[in-house]
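Observations on the three-dimensional arrangement
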Amino acid sequence: MDELLTVLTPYVGRVCGPVALQDADDAAQEALTAVFRHIRQVREPAALFGWVRVIAVREAVRVAGQRRRTVPAELSELPAPGDPELGQDIGDVLRRLSPEHRAVLMLRHVEGLDEQEVARVLAVPLGTVRSRLFRARTSFRRAWGGAGT
């Protein structure tokens, strides 16, 4: 179990971080607890990381949804590409999105899952994934576009 924890902890943290933000550590702990509680359900060892990803995303959305966060102040000026502040500014815009929207963006654009895989991970219909992706992208663009004004 110690070896499994050593392997899974960084992965779970990477999955929970973009969704749960400040609550990523709590979400990761909840996810790892759920993983160990239900580890006997894994029938195929090759499916372990996919199964863990499902649990981690669900816990990150749940934990983030329980917390109410304030929206960061408007960005005063957009940084140039390559500027070290760019990542921070993108993070500020992402924090304005709901946990569900951060989750769908992270799974689609960071993890590289297709829409059907995202639907399976989030346990929602494909149409819901498409709707959330559309809304998340629109909200991101609106927040980003308004950031430089």
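Residues numbered from 1 in each chain as written. Predicted model: local features only at pLDDT ≥ 70, side-chain atom pairs only at ≥ 80, totals over all residues. Heavy atoms only, no water.

**Comments concerning the pattern of salt bridges**
Keep this limit in mind: By salt bridge we mean one thing: a side-chain nitrogen of Lys or Arg within 4 Å of a carboxyl oxygen of Asp or Glu. Helix and strand labels come from DSSP, where a helix needs a run of H or I of at least four residues and a strand needs a run of E of at least two; each type is numbered from the N terminus. Buried means the residue's accessible area, taken with a 1.4 Å probe over protein chains only, is under 20% of the maximum for its type, while exposed means over 50%, and partly exposed covers the values in between.
One pass over the full model with this rule turns up five salt bridges. Residue Glu 111 pairs with Arg 14 through a salt bridge whose shortest N-O separation is 2.9 Å. Within this pair, whereas Glu 111 is found in the loop between α5 (99–110) and α6 (115–122), its partner Arg 14 is found in helix α1 (residues 2–20), the two being separated by 97 residues in sequence. Ionic pairing is found between Arg 53 and Glu 111, a salt bridge with its closest N-O pair at 3.5 Å. Linking Arg 53 in helix α3 (residues 48–66) with Glu 111 in the loop between α5 and α6, this pair joins segments that are 58 residues apart in sequence. Here the two residues Arg 53 and Glu 111 agree in accessibility, since each one is buried. One continuous salt-bridge network, built from bridges that share partners, spans Arg 14, Arg 53 and Glu 111.

**Topic: the packing of α1 against helix α2 (residues 24–37)**
Short version of the rule: Angles run from 0 to 180 degrees between N-to-C directions of axes, and those axes are lines fitted to C-alpha atoms, restricted for helices to the stretch in contact. Oblique is the label for every angle not falling under 35 degrees (roughly parallel), over 145 degrees (roughly antiparallel), or within 65 to 115 degrees (roughly perpendicular). Note on convention: near helix rotated counterclockwise from far helix by under a right angle means a left-handed crossing. Clockwise means right-handed. Contacts are residue-level and defined by heavy atoms, with any inter-residue pair within 4.5 Å sufficient. Amino acid classes used here: Ala, Val, Leu, Ile, Met, Phe, Trp, Tyr, Cys and Pro are nonpolar; Asp, Glu, Lys and Arg are charged; the rest, including Gly, are polar.
Between α1 and α2, the least distance of the axes is 8 Å, while the angle of their chain directions is 135°. Between α1 and α2, the angle falls in the class oblique. Crossing hand, α1 versus α2: right-handed. The residues of α2 that touch α1, namely those facing Leu 4, Leu 5, Leu 8, Thr 9, Val 12, Gly 13, Cys 16, Gly 17 and Ala 20, are Ala 24, Ala 27, Ala 28, Ala 31, Leu 32, Val 35 and Phe 36. Across the contact of α1 with α2, the residue classes tally to 13 nonpolar, three polar and no charged.

**Here we look at α1**
Let me state the cut-off plainly: Here, expected helix span is obtained from the residue count minus one, scaled by 1.5 Å. One axis is fitted to the seven residues ending at the residue and one to the seven starting there. The bend at that residue is the angle between these axes.
Helix length check: α1 (19 residues) gives 25 Å between terminal C-alpha atoms against 27 Å at 1.5 Å per residue, within 8%. The principal kink in α1, of about 35°, is found at Leu 8, preceding the proline Pro 10 by one to four residues. Within α1, the full set of buried residues consists of Leu 8, Tyr 11, Val 12, Val 15, Cys 16, Val 19 and Ala 20. Residues of α1 that are buried make contact with α2, α3 and α5. A positive phi of about 50° marks Leu 21, the residue just after α1.

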